[in-house]
Amino acid sequence: MKVLLINGSPHAKGCTYTALNEVAGGLERHGIQTEILHIGTQPMAGCIACRRCRETGLCVYDDLVNATLGRIHDFDGLVIGSPVYYAGPNGQLLSFLDRLFYAGSRHMAGKPGASVVSCRRGGATAAFDRLNKYFTIANMPVVPSRYWNQVHGNQPEEVLQDAEGLQIMRTLAENMAWLLKCIEAGRQSGVPEPVYEPRVNTNFIR
Ligand SMILES: Cc1cc2nc3c(=O)[nH]c(=O)nc-3n(C[C@H](O)[C@H](O)[C@H](O)COP(=O)(O)O)c2cc1C
């Protein structure tokens, strides 16, 4: 089993990474492989709503989004990490996720998902809520912890002093490991996967 942890911060080894690393350590202790993917600091294109991905399954911008889509079947679970920018996830990460999920959400179904956020002081729950929206529109079970998944700090050293925040990350890892093992056990004992109806789209037009 393997979990992909996406670090949306421009800082490869900053506060968000420190939180994700704590989750990864907890998963590894359960024998679950992890990979932390840093989305980098280059400009990230946003979704231009061309809908070409509906035909091809890939984004017209052939960048890290398509590279990640190409490997999505290698992962059994997903953790998204973001710094809090003006009480939301950072813009570059949202551009990445909009395109990743618009092109590939059908491949995400059934994979447990969790988000973690890092803030200096405030706005964490608004950012956390926004990230969880990607999972709940994509048939992904959302993994909980014993608090909302946030750490506090402006520098990684400060996050390392946030004992409660780090414990929340380890508890999240416990829950994700448990859920992944339950899903695997269910598969092996023949529990059928959900069968979805053909999609109905109802637009509200007056
Ligand atoms: C543009 C910008 C906006 C920010 N907005 C907030 C905010 O609304 N609330 C907050 O507590 N911290 C805010 N911060 C601080 C970061 O969220 C915080 O330092 C975070 O832990 C950095 O994580 P990183 O090291 O992974 O990038 C902001 C930082 C930047 C650069």
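The following paragraphs examine the structure supplied in this document. (Residues numbered from 1 in each chain as written. Predicted model: local features only at pLDDT ≥ 70, side-chain atom pairs only at ≥ 80, totals over all residues.)

1. Here we look at the site of the ligand
The condition is simple: For each residue, a C-beta atom is placed from the backbone, and the residue is labelled near a molecule or strand when this atom is within 6 Å of it. Helix numbers and strand numbers start at the N terminus; a helix is a DSSP run of H or I with at least 4 residues, a strand a run of E with at least 2. Three residue categories are used. Nonpolar comprises Ala, Val, Leu, Ile, Met, Phe, Trp, Tyr, Cys and Pro, charged comprises Asp, Glu, Lys and Arg, and polar comprises the others, including Gly.
Around the ligand, the structure places 18 residues, and the nearest of them are Ser9, Gly14, Thr16, Pro83 and Cys119. Counting residues per element, the shell around the ligand draws most heavily on strand β3 (residues 77-85), which supplies three residues. Considering only residue class, the shell around the ligand consists of seven nonpolar, nine polar and two charged.

2. Some details on helix α4 (residues 91-104)
Here is the rule: In a helix, the anticipated span is given by 1.5 Å times the number of residues less one. Comment: burial labels come from other C-beta atoms within 10 Å of the residue's own C-beta, placed from the backbone, where a count of 20 or more is buried, 12 or fewer is exposed, and between is partly exposed. Whether two residues are in contact depends on their C-beta atoms, placed from the backbone: they are in contact if these lie within 7 Å.
The end-to-end C-alpha distance of α4, which contains 14 residues, comes to 20 Å, matching closely the 20 Å that a straight helix rising 1.5 Å per residue would cover. Of the positions making up α4, those classed as buried are Gln92, Leu93, Leu94, Phe96, Leu97, Arg99, Leu100, Phe101, Ala103 and Gly104. Those residues of α4 hidden inside the fold are in contact with α2 (52-56), α3 (64-70), β3, β4 (88-89) and α5 (124-136).

3. Examining the environment of His38
Inspection of the secondary structure puts His38 in strand β2 (residues 33-38). Residue classification places His38 among the buried positions, given that 20 C-beta atoms sit within 10 Å. Distance in space between the C-alpha atoms of His38 and Leu27 is 18 Å, their sequence separation being 11 residues. When residues no more than four places from it in sequence are discounted, the contact partners of His38 are Asn7 and Ala12.

4. What to know about the nonpolar core
The condition is simple: For this analysis, nonpolar core means a set of buried Ala, Val, Leu, Ile, Met, Phe, Trp, Tyr and Cys residues linked through C-beta atoms within 7 Å.
Grouped together as the largest cluster of nonpolar side chains are 49 residues, with contacts concentrated most on Val23, Val79 and Met176. Secondary structure elements with two or more residues in this core: β1 (2-7), α1 (15-29), β3, α4, β5 (113-119), α5 and α7 (163-188). For this core, the leading source of residues is α7, giving eight residues. For Val23, the contacting residues outside a window of four places in its chain are Leu5, Val79, Val116, Met169, Leu172 and Ala173.

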